[in-house]
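Below are the chains, spelled out letter by letter.
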Amino acid sequence: MTCDEATRLTAAAGGRELSPANRRLVDAHLAECGACRAEIAGQEEVAALLRSRPPLDVSPAFTRRVLDRVAAVPAWADVIDFRKWTWRLSPVAAALLLAALLLPSNRAATTSVEARPSNEPAIGIMESWVTPTNASTLPATALLWQPNVSNDALLVTVLTASPDAELGGTSLGR
Amino acid sequence: VDADLPLVRAASAGDTEAFGELVRRYQAQVVNLARALAMRADAEDLAQETFIRAYRGIGRFRGESSFKTWLYRVALNVIRSHAAERSRWAPLRGSTLDVRPGESPAMAAPGAGIEERLLRRDAIDRALAALPLDLRSAVVLRDVQGLEYKEIAALLAVPIGTVESRIFRARQLLKPRLAGLLGRTSEARSEGGGRDDVR
């Protein structure tokens, strides 16, 4: 029998009863192995010390404090316990997920620049800035979005532009 | 038959006095479990949290395990979640331990015997706190709380062989950390003529 087997069958065995055959093997091993005897004795010592750990005294008012808190727990607190609702709400979650998956494809199919609702002027303005067809009609601030614009050109445009003129060609509903 | 079952049934029907009796039965074990596992000066706060959660969830107790085992499971969840929360903030605080020698309120109690007991407990708790939580849980449940191996296996949701190896390894790691106390324990045991089996 090896030392590993001996310690596994004794100190690490959690108090399980050894078969008579194993008991004889372990006893024979321990009779001649000081290291295993020391290991087992060390385990016993630590276990005994932990068992003798002085317990922490509980304050006399502990139970009362718990019961006061129990009384303070409102009746509806159990209703909002998310664990109770996790599975009950799963069909709703599934429906929302399905809707979220289907909605973008519907929008993509039905929404185009031409079909855009009139209540989305801001999106139209920004898109027209980013993809201009005639650079001379751009508002000054739209140059910020353009590639290959020099700092000087941007500065001149901003300094000479009239705010009213910049937005004159757009429709903000005003 | 679980002796706590009548009280559990009454408590789940809203009888707070019955729940109070359950608290009285287990408060010492839960407070000491919280203290030994979490090394918190406010172990009673963790224990209170355990009982509050137990009260709110007692309607879901099905009696598949004993109430004690179920309550310990609640306590372990509370302690683990607090430990996880603390470990997130530990780098900012520089330590995961609350208790410093002499800080425990009870340390001020008069009498050399009491003081020695408190120092002894503090030394044991500090040695335990240095262990990884999985080893610490197993050895505390076995050697401090006195639970059976199969109970510990059920609580920690691991095979009993894992429990055995964790306890074995924990004791190995604790031995050098508790060397100063172990000598005194051995002397006391030899004077008393007792022998403790490792189980």
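Residue numbering note: each chain is counted from 1, following its sequence as written. Written order decides the labels, with chains lettered from A and ligands numbered from 1. Since the coordinates come from a predicted model, pLDDT governs what is reported: local features require at least 70, and pairs of side-chain atoms require 80 or more to be given and counted, while whole-chain, interface and lining totals use all residues. Heavy atoms throughout the structure, all of them, feed into the side-chain values; hydrogens and water do not.

**Considering the overall build of chain B**
- Within chain B one finds nine helices and zero strands.
- The helix and strand sequence of chain B, counted from the amino end, reads α-α-α-α-α-α-α-α-α.
- Relative accessibility thresholds used throughout: buried, under 20% of the residue-type maximum; exposed, over 50%; partly exposed, between the two (1.4 Å probe, protein chains only). Burial status across chain B gives 46% buried among its 199 residues.
- Throughout, a residue-residue contact means that at least one pair of heavy atoms, one from each residue, lies within 4.5 Å. Counting contacts in chain B only where the partners sit at least 6 residues apart, residues at least 24 apart contribute 63% of the total.
- Note on areas: Shrake-Rupley, 1.4 Å probe, and residue coverage restricted to the protein chains presented here. Carbon and sulfur atoms provide 52% of the accessible area of chain B, an area that totals close to 9,500 Å². Labels follow the DSSP assignment, with helices taken as runs of H or I lasting at least four residues and strands as runs of E lasting at least two, numbered in each case from the N terminus.

**Focus: the overall build of chain A**
- From N to C terminus, chain A includes nine helices and zero strands.
- Counting helices and strands in the order they occur from the N terminus, chain A gives α-α-α-α-α-α-α-α-α.
- When each of the 174 residues of chain A is scored for burial, the buried share is 26%.
- Relative to all contacts within chain A whose residues are 6 or more apart in sequence, the contacts with residues 24 or more apart total 33%.
- Surface exposure of chain A reaches about 12,000 Å², of which carbon and sulfur atoms provide 62%.

**A short note on helix H3 (residues 43–57) of chain B**
- To estimate the expected span of a helix, count its residues, drop one, and scale the result by 1.5 Å. Here H3(B) is 15 residues long and its end C-alpha atoms lie 21 Å apart, about the 21 Å a rise of 1.5 Å per residue gives.
- Among the 15 residues in H3(B), 11 count as buried, and that is most of the element.

**Considerations on the confidence of the model for chain A**
All names here are of chain A.
- Confidence scores per residue from the predictor, reported as pLDDT, run from 0 to 100. Within chain A, residue pLDDT values average 72, and 55% of them lie at 70 or more.
- The lowest-confidence element of chain A is helix H9 (residues 163–167), averaging 51 in pLDDT; the highest-confidence one is helix H3 (residues 34–51), averaging 90.
- Note that pLDDT drops below 50 for residues 166–174; the model gives that stretch 10 contacts with residues more than four away or on any other chain.

**Quick notes on the packing of helix H7 (residues 149–156) of chain B against helix H8 (residues 160–177) of chain B**
Residues and elements named next belong to chain B.
- Their axes nearest at 9 Å, the elements H7 and H8 cross at an angle of 100 degrees. The angle between H7 and H8 falls in the class roughly perpendicular. Together, Tyr149, Lys150, Ile152, Ala153 and Leu156 of H7 and Ile160, Val163, Glu164, Arg166, Ile167 and Arg171 of H8 make up the contact between the two elements.
- Gly counts as polar in this scheme, as do all residues outside two lists: the nonpolar Ala, Val, Leu, Ile, Met, Phe, Trp, Tyr, Cys and Pro, and the charged Asp, Glu, Lys and Arg. Broken down by class, the residue content of the contact of H7 with H8 amounts to seven nonpolar, no polar and four charged. Lines fitted to C-alpha atoms define the axes, with helix axes restricted to the stretch in contact, and inter-axis angles between N-to-C directions lie between 0 and 180 degrees. An angle counts as roughly parallel when it lies under 35 degrees, as roughly antiparallel when it exceeds 145, as roughly perpendicular when it falls between 65 and 115, and as oblique in every other case.

**Focus on the pattern of salt bridges**
- Each salt bridge in this description consists of a side-chain nitrogen of Lys or Arg and a carboxyl oxygen of Asp or Glu lying within 4 Å of one another. Under the defined criterion, the tally for this structure stands at 13 salt bridges over all chains.
- With its nearest N and O atoms 3.3 Å apart, the salt bridge here joins B:Glu49 to B:Arg53. Residue B:Glu49 and its partner B:Arg53 are located together in helix H3, separated by four residues, close to a single helical turn.
- You can call B:Arg53 partly exposed: its relative accessible area is 34%.
- Overlapping salt bridges, with partners in common, bring together A:Arg53, B:Arg35, B:Asp122, B:Asp125 and B:Arg126 in one network.

**Focus on the packing of aromatic side chains**
- Any Phe, Tyr or Trp ring, taking Trp's six-membered ring, that has another such ring centre within 6.5 Å forms a pair; planes under 30 degrees apart are called stacked, those over 60 apart edge-to-face, and the others tilted. One pass over the full model with this rule turns up seven aromatic pairs over all chains.
- Through successive ring pairs, a cluster of aromatic residues spans A:Phe62, B:Phe19, B:Phe51 and B:Tyr55.

**A few points about the packing of helix H1 (residues 5–12) of chain B against helix H2 (residues 16–38) of chain B**
Residues and elements named next belong to chain B.
- In the contact formed by H1 and H2, the axes pass within 7 Å of each other and the chain directions differ by 135 degrees. Comparing their axes, H2 and H1 come out oblique. Here H1 runs over H2; the crossing is left-handed. For the pair H1 and H2, contact is made by Leu7, Val8, Ala10 and Ala11 and by Ala18, Phe19, Glu21, Leu22 and Arg25, respectively. With the far helix as reference, a near helix turned anticlockwise by less than a right angle produces a left-handed crossing, and one turned clockwise produces a right-handed crossing.

**Examining unusual backbone geometry**
Residue and element names in this part refer to chain B.
- Positive phi outside glycine occurs at Ala157, with the angle close to 55 degrees.
- With respect to the secondary-structure elements, Ala157 resides in the loop between H7 and H8.
- On the accessibility criterion, Ala157 (68% relative accessible area) is exposed.

**Topic: the environment of B:Gly180**
- As for its position among the elements, B:Gly180 is in helix H9 (residues 179–192).
- Separated by 57 residues in sequence, B:Gly180 and B:Ala123 place their C-alpha atoms 9.5 Å apart.

**Notes on the state of the cysteines**
All names here are of chain A.
- Two cysteine sulfurs form what is called a disulfide whenever their separation falls within 2.5 Å. Enumeration according to the criterion identifies zero disulfides over all chains in this entry.
- You can see Cys3 has no disulfide; the closest cysteine sulfur is in Cys36, sitting 3.6 Å from it.
- Using a relative accessible area of 35% as the deciding quantity, one classes Cys3 as partly exposed.

**Details of the side chain of B:Arg121**
- Within the secondary structure layout, B:Arg121 lies in helix H5 (residues 112–129).
- For the charge count, each Lys or Arg is scored as positive and each Asp or Glu as negative, with His and the chain ends excluded. Within the buried set, B:Arg121 has no salt-bridge partner at all; the shortest N-O distance to an opposite charge, 4.5 Å, is to B:Asp125.
- N or O atoms closer than or at 3.5 Å make up a polar contact, with two conditions inside protein: a donor-capable atom paired with an acceptor-capable one, and, for residues adjacent in sequence, both atoms drawn from side chains. Within the structure, the side chain of B:Arg121 is placed 3.0 Å from the backbone oxygen of A:Pro55, a separation counted as a polar contact.

**Structural notes on H2(B)**
Residue and element names in this part refer to chain B.
- Helix length check: H2 (23 residues) gives 28 Å between terminal C-alpha atoms against 33 Å at 1.5 Å per residue, more than 12% under.
- At Tyr26, H2 shows its strongest bend, of approximately 55 degrees.
- The opening residue of H2 is Asp15, an N-cap whose side-chain oxygen sits 3.0 Å from the backbone nitrogen of Glu17.
- Within two residues after H2, Met39 carries a phi angle of roughly 50 degrees, on the positive side. Consider a residue and the seven residues that end there alongside the seven that start there; fitting an axis to each set, the bend is the angle between those axes.

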